[in-house]
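Structural overview
Listed below, chain by chain, are the residues.
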Amino acid sequence: MPDKVVETLTGGLNLLAHPTQLKDDQCQRLENMEVRPTNIGNNLTYLALTSRFSYSRLHTDNLSMVPHNLIEYVVRGIGSVVYASGTAGSLNDASFSGAFTGTAINGSLIVRIDSVGGAGIADQIEWELNGVIQASGIAITGALQSLGQGISVDFGTTGSTTHHVLADAWTINVSENGTRFLVTGGYDSTGGAFVIKSLRDGQTTTSVVSSQVTANTSVCSFLLFNNYLYYTNGGVAWRRWNGLNDVASGFTTITRYATQHKNKAIYLYDVTNNRPNRLWVSNTGDAEVVPAANNFAVGDYSDGLVIGIDQLERLLLVKEKSVHAFYMAPTLADSSILRGDEWKGSISPLGSVWGPFGTYLYSNTAGIQSVSGLYVQPAVLQLYNQLKGFRNQRAAMGFNEDQVMISTLSSSGAARNNRVYTLDLLDDENPRIYQWNAALTLFCQNHGTLTFNNKMKAIEDDGTNRFIVELDQTASVAEASFDCIAQTKDFVITGEDLIPRTQLVDHVILDFIAPNIVNTVTIEVLADGATVQSATFTPTVTGFNRRVFKFSRHICRGYRISFRISNTQSATNALRFAILRLGYNYDIEQRVDQL
């Protein structure tokens, strides 16, 4: 009785070939597992391993809106100044600068006139933080003066050190420089408003940053520029937030999207003037000053702008049906726009991603596409797009290390995104795709590179509950457990005449890593595509296990034999279920014409 052994699994989910045409070490089904180089006993091996992409919720309260974007923001600077005069005729000439280095979060810093001088004698100030006097009797110099904790005040706008009134006060909000937030936005149908919510690092509840009554546009756009986070839904004018104050932007033209390029803000899709193909360019270093002459028409009017991707020397402009390159000249009027590819269908605003491994677009009609130069081509064969449900209006894309991640429908009849596929980018000739089950509808726009331990963030949305989550296999509280499934290729044995022979499976030897001694490991024998027999085993030790599964040869028979291994992984287990080696013993049923 011969044996067949698969020492390693080096290929993930593969639908480009018939299961009989896969290599022995490739899988035809892989759920909540991936194939990764991993050290086992100081030896580097490839194995089917529980996916690292479980996730944990970062807050306990439901977002109560449909999020359309997610971004990370770090506080840099101070809040806006509120002046309160002591009496009529007071002098409001204080300005503030710096980045708060104290530990207060959303604290209140007040500078107050506590003594007025006479001829040739400067007025004096005191300052307090959250009601506690920090210093007093400080003479005004008329120049920049350091108060402490990173904040400076300057009364030199009028050149006067006197003429203030007792109790004149200036109040600013401050938060520790580097305070970190996750920010999301979307439409709250209960209040009929576009809502921005934030989650500060370490908190368990979210806070409302802004709420603007408006129609639902299904858009939420963010722009990080200088120390501010700007946002809009394309139905209201842009607003800004610095972690402390939500105020209207000085740029009042309503647009749907924006990006930064060469220290200028680029606004796309002009709603105010009904010009979907128009972009606006701000002054250098100031996102809110946009001269009337700084606008460009990009291609056809009916083909609206949806994405601007900063590629350093140029700005890649993605429209609903084409791509263009915007080359900004030192003299803005000398800038040029070059047209690239065109395709049928439209690009989803959520369906785009760019990063160190390239630029990828998502179209619900053309699937996943990559952009090279100004040429657009399928990132994977169209068979993937059809069979794996990538043609989905709400598909979202994101980068995680060396992978593109796509959340999509699990089947044509599913109502929500509840599976995520990861496409390896390291090997262009042999792309690997892995699948894991999670109801994620979008990924963090800036890819987890700023805050929260540099881990990928996403939005979980099961149709009722919505949370900001962190992809972290070892600390999941969003799910108690998840099912891991790996199915081998269909093994076919042929004779010298190359005609397939019927195999009779006798037993299977499985080497695996068990994360616990509670959850069973199940192995199914599939003959010609149908499960014919299964067996289970409860691990005796945590870690390495070897098990021989005995089967009935008269039942486990067929031309095509494959094996499906499954285990329920607890989200709290530090170890991950892994398949190290699979071997099976079989007989060959002799052909009738040879008897």
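As a starting point, this report considers the structure included with it. (Residues numbered from 1 in each chain as written. Predicted model: local features only at pLDDT ≥ 70, side-chain atom pairs only at ≥ 80, totals over all residues. Heavy atoms only, no water.)

Some thoughts on the pattern of salt bridges
Any two side chains of opposite charge can pair, given that their charged atoms come close. Put simply, the test is: The salt bridge criterion pairs a side-chain nitrogen of Lys or Arg with a carboxyl oxygen of Asp or Glu, the two atoms within 4 Å. By definition, any uninterrupted DSSP run of H or I lasting at least four residues is a helix, any uninterrupted run of E lasting at least two residues is a strand, and each is numbered from the N terminus. Working definition: with a 1.4 Å probe on protein chains only, accessible area under 20% of the residue-type maximum means buried, over 50% means exposed, and in between means partly exposed.
Scanning the model with the defined rule gives 20 salt bridges in all. As a salt-bridge pair, Arg112 and Glu126 come within 2.7 Å of each other at their nearest N and O atoms. With Arg112 in strand β10 (residues 107-115) and Glu126 in strand β11 (residues 124-129), this pair connects stretches of sequence that are 14 residues apart. Judged by relative accessible area, which is 15%, Glu126 ranks as buried. Put simply, Asp506 and Lys550 hold a salt bridge, and the shortest N to O gap is 2.8 Å. With Asp506 in strand β44 (residues 502-514) and Lys550 in strand β47 (residues 543-550), this pair connects stretches of sequence that are 44 residues apart. For Lys550, a relative accessible area of 56% gives the class exposed. The structure contains a network of salt bridges with shared partners spanning Asp506, Lys550, Arg553 and Asp587.

Quick look at the pairing of strand β13 (residues 144-148)
A regular strand carries its side chains on alternate faces of the sheet. Filter applied, for reference: Two strands pair if DSSP finds at least two bridges between them.
As judged from the four bridges shared by β13 and strand β14 (residues 151-154), these two strands associate in the antiparallel manner. Following the sheet pairing, Gly148 is matched in β14 by Ile151. Counted between consecutive antiparallel strands, the loop separating β13 from β14 contains two residues, among which Gln149 sits at a positive phi close to 55°.

Observations concerning the packing of aromatic side chains
What counts, and what does not: Each Phe, Tyr or Trp ring, with Trp reduced to its six-membered ring, pairs with another whose centre is within 6.5 Å; inter-plane angles below 30 degrees give stacked pairs, above 60 give edge-to-face pairs, and intermediate values give tilted ones. Only lysine NZ and arginine CZ atoms are considered, and such an atom sits over a ring when it is within 6 Å of the ring centre and within 35 degrees of the ring normal.
Per the counting criterion, the structure on display carries 14 aromatic pairs. Among the aromatic residues, those joined into a ring-pair cluster are Trp238, Phe251, Tyr267 and Trp280. Directly above the ring of Phe467 sits Arg57, whose terminal nitrogen or CZ lies 4.3 Å from the centroid. Seen from the ring of Phe549, Arg547 lies directly overhead, with NZ or CZ sitting 6.0 Å from the centre.

Observations regarding empty space enclosed by the protein
Which entries qualify depends on this criterion: Cavities and pockets were defined on a 1 Å grid built from protein atoms only: a cavity is a group of points that admits a 1.4 Å probe but offers it no way out, a pocket is an open group of points flanked by protein on both sides within 12 Å along at least five of seven lines, and a lining residue is one with an atom within 4 Å of any such point. Grid points are joined across faces, edges and corners, and a volume is the space filled by probe spheres set on the points. Gly counts as polar in this scheme, as do all residues outside two lists: the nonpolar Ala, Val, Leu, Ile, Met, Phe, Trp, Tyr, Cys and Pro, and the charged Asp, Glu, Lys and Arg.
Tallied over the entire structure, the rule returns two cavities of 30 Å³ or more. Volume-wise, the largest cavity comes out at about 80 Å³. What lines the largest cavity is Val6, Glu7, Thr8, Leu9, Ala486, Gln487, Thr488, Ile565, Ile579, Leu580, Arg581 and Leu582. Counting only elements with at least two residues in the lining of the largest cavity, the list comes to β42 (481-488) and β50 (578-589). Within the lining of the largest cavity, the residues separate by chemical class into seven nonpolar, three polar and two charged.

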